[in-house]
Amino acid sequence: REISESDLVMQVFDIKPPEVGKPRLWMPGDREDPTWRSLQEGVKFYGVGCFKAIRNPAAHKESTNWGEQGAMEYLSSFSVFARWVSESDLNSMSSFCFI
């Protein structure tokens, strides 16, 4: 409740290592591969887009006037993001060993 959904997505899908109290969700794959970085950042910005362009206007307007087709497309957008969240690996400070 302390941060917005967009800020949460930006933090949790960040490519930086996790911090105390700030775990990360990382897509599977080799983090040294530029393609992994592209995927990770794409998921992050896609999620932010879903919240900023779909959820926030719907939550702050009286009426959306989306229609059935538009509503299904927006729902599908969040479904794609939810799939990526479920496919991600949770990484927290306890998952890293520091010597």
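See the structure above.
A brief look at the structure comes next. (Residues numbered from 1 in each chain as written. Predicted model: local features only at pLDDT ≥ 70, side-chain atom pairs only at ≥ 80, totals over all residues. Heavy atoms only, no water.)

### Considering the nonpolar core
Rule in force here: Residues belong to a common nonpolar core when they are buried Ala, Val, Leu, Ile, Met, Phe, Trp, Tyr or Cys residues joined through side-chain atoms within 4.5 Å. Each residue is placed in one exposure class: buried if its accessible area under a 1.4 Å probe, protein chains only, is under 20% of its type's maximum, exposed if it is over 50%, and partly exposed if it falls in between. The secondary structure listing takes helices from DSSP runs of H or I that are at least 4 residues long and strands from runs of E that are at least 2 residues long, numbered from the N terminus. It only takes one pair of heavy atoms within 4.5 Å for two residues to be counted as in contact.
Among the nonpolar cores identified, the biggest contains 12 residues, and these are Val-9, Val-12, Phe-13, Leu-25, Trp-26, Met-27, Trp-36, Val-43, Val-48, Cys-50, Phe-51 and Phe-81. Mapped onto this core, the elements with two or more residues apiece are α1 (5-12), β1 (24-26) and α2 (34-60). Residue contributions to this core peak at 5 residues, all from α2. Beyond its immediate sequence surroundings of up to four residues, Val-12 is in contact with Pro-23, Arg-24 and Leu-25.

### Let's talk about the packing of aromatic side chains
Where two aromatic rings form a pair, the distance of their centres and the angle of their planes describe that pair. The criterion, for reference: Here a Phe, Tyr or Trp ring, Trp counted by its six-membered ring, pairs with any other such ring whose centre lies within 6.5 Å, and the pair is stacked when the planes are under 30 degrees apart, edge-to-face when over 60, and tilted otherwise.
Summed over the entire model, instances satisfying the criterion amount to 6 aromatic pairs. Residues Phe-13 and Phe-81 carry aromatic rings whose centres are separated by 5.9 Å and whose planes lie at 55° to one another, so their mutual orientation is tilted. Of this pair, Phe-13 sits in the loop between α1 and β1 while Phe-81 sits in helix α3 (residues 67-87), placing them 68 residues apart in sequence. For the pair shown, Phe-13 and Phe-81 are each scored as buried. Within the aromatic cluster, the residues linked to one another by ring pairs are Phe-13, Phe-51, Phe-78 and Phe-81.

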